[in-house]
2 protein chains.
Amino acid sequence: MIIELLEKIFSWSGSNKSGKEAKRRLKLIIAHDRLGINPEALEAMRKELLEVVSRYVEIDPEETELSIESDQRMTVLIANLPIRKVKRFPKMSSPES
Amino acid sequence: MIIELLEKIFSWSGSNKSGKEAKRRLKLIIAHDRLGINPEALEAMRKELLEVVSRYVEIDPEETELSIESDQRMTVLIANLPIRKVKRFPKMSSPES
């Protein structure tokens, strides 16, 4: 089942600080198979993706875990985001905001 | 290794149409452990995330594979996005665009 596989990935990527009250978490994975996206563009895309997510949930920046895994075939960005709270249906991003 | 686990997830979630020339793909996974995000907000967030991605890479909409998996603990959105081309460093999203 896909969910079991994902739980393996996140226990692998994030150090699960036992004893800590298990926080609600949002997990984001971006995997691309050696697309040739340059690292700056990938970094800019990752930041924009996290900005979108933070319009929907309040992320606890101190406990955010980001990791990158790479081999000849694939590069994987993993973001393990502890959530402080879910925002009421967010304001749509308007030009002034 | 995390990448092997991810390859299992994507061969599971996306029907790999053998014979088809293997396209470059970007894979996005959003997993949340029953955060209580309402489905409309999750759908809106997913759309915004895909909009961000499409500013960096040209996605082939016909071959896009989206799936949702859910159990008592976790809900997982999986987007398997075939890429036509990587855009030159994208224009930043400006208010008029």
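Our subject is the structure that appears above.
Keep in mind it's a predicted model, so treat the numbers as computed, not measured.

1. Observations regarding the side chain of Thr75(A)
Residues and elements named next belong to chain A.
Here is step 1 of the chain: As for its placement among the helices and strands, Thr-75 is situated in strand β4 (residues 75-86).
Here is step 2 of the chain: With relative accessibility at 11%, the residue Thr-75 sits in the buried group.
Here is step 3 of the chain: A polar contact of 3.1 Å, which involves the side chain of Thr-75, links it to the side chain of Ser-70.

2. A word on the relation of the copies chain A and chain B
Here is step 1 of the chain: Superposing chain A onto chain B takes a rotation of 180° plus a shift of 0.0 Å along the axis, which leaves an RMSD of 0.0 Å. Considering both components of the superposition, the chain copies are consistent with a two-fold axis.
Here is step 2 of the chain: By residue overlap, the copies meet face to face through one surface: 100% of the interface positions of chain A are interface positions in chain B.

3. Here we look at the pattern of salt bridges
Oppositely charged side chains can form a pair if their charged atoms are brought close together.
Here is step 1 of the chain: Throughout the structure, instances matching the rule amount to 14 salt bridges over all chains.
Here is step 2 of the chain: Here Arg25(A) makes a salt bridge to Glu63(A), at a shortest N to O gap of 3.9 Å. With Arg25(A) in strand β1 (residues 25-32) and Glu63(A) in the loop between β2 (57-59) and β3 (65-70), this pair connects stretches of sequence that are 38 residues apart.
Here is step 3 of the chain: Look at Glu63(A) and you get buried, because its relative accessible area is 14%.
Here is step 4 of the chain: Between Arg46(B) and Glu43(B) there is a salt bridge, with the nearest N and O atoms lying 2.6 Å from each other. Of this pair, Arg46(B) and Glu43(B) are both found in helix α2 (residues 39-54), three residues apart, which corresponds to roughly one turn of the helix.
Here is step 5 of the chain: The class for Glu43(B) is partly exposed, based on a relative accessible area of 31%.
Here is step 6 of the chain: Within the structure, one salt-bridge network assembled from shared partners comprises Glu58(A), Asp60(A), Arg84(A) and Lys85(A).

4. Focus on α2(B)
Here is step 1 of the chain: Given a rise of 1.5 Å per residue, 16 residues ought to cover 22 Å, and the 22 Å separating the end C-alpha atoms of α2(B) matches this to within 8%.
Here is step 2 of the chain: Restricting attention to buried positions, one finds in α2(B) the residues Ala41(B), Leu42(B), Ala44(B), Met45(B), Arg46(B), Glu48(B), Leu49(B), Leu50(B), Val52(B) and Val53(B).
Here is step 3 of the chain: Lining the buried residues of α2(B) we find β1 and α2 (39-54) of chain A together with β1 (25-32), β2 (57-59), β3 (65-70) and β4 (75-86) of chain B.

5. What about the nonpolar core?
Here is step 1 of the chain: Within the largest apolar cluster, 38 residues are counted, with the highest numbers of intra-cluster contacts made by Met45(A) and Met45(B).
Here is step 2 of the chain: Of all the secondary structure elements, the ones that give two or more residues to this core are β1, α2, β2 and β4 of chain A together with β1, α2, β2 and β4 of chain B.
Here is step 3 of the chain: Ignoring anything within four residues of it in the chain, the contact list for Met45(B) reads Leu26(A), Val52(A), Val53(A), Tyr56(A), Ile30(B) and Ile37(B).
Here is step 4 of the chain: If you look at the next biggest cluster of nonpolar residues, it comprises 22 residues, including Phe10(A), Met74(A), Ile29(B) and Ile78(B).

Calculation notes
Residues numbered from 1 in each chain as written. Chains lettered and ligands numbered in written order. Predicted model: local features only at pLDDT ≥ 70, side-chain atom pairs only at ≥ 80, totals over all residues. Heavy atoms only, no water. Helix = DSSP H or I, 4+ residues; strand = E, 2+ residues; numbered from the N terminus. Buried < 20%, exposed > 50% of the residue type's maximum accessible area, 1.4 Å probe, protein only. Polar contact = N/O pair within 3.5 Å; in protein donor to acceptor, adjacent residues only side chain to side chain. Least-squares fit on C-alpha atoms with pLDDT ≥ 70 in both. Contact = heavy atoms within 4.5 Å. Salt bridge = Lys/Arg side-chain N within 4 Å of Asp/Glu carboxyl O. Expected span 1.5 Å × (residues − 1). Core = buried A, V, L, I, M, F, W, Y, C linked by side-chain atoms within 4.5 Å.

Nothing here speaks to function; it is all geometry.
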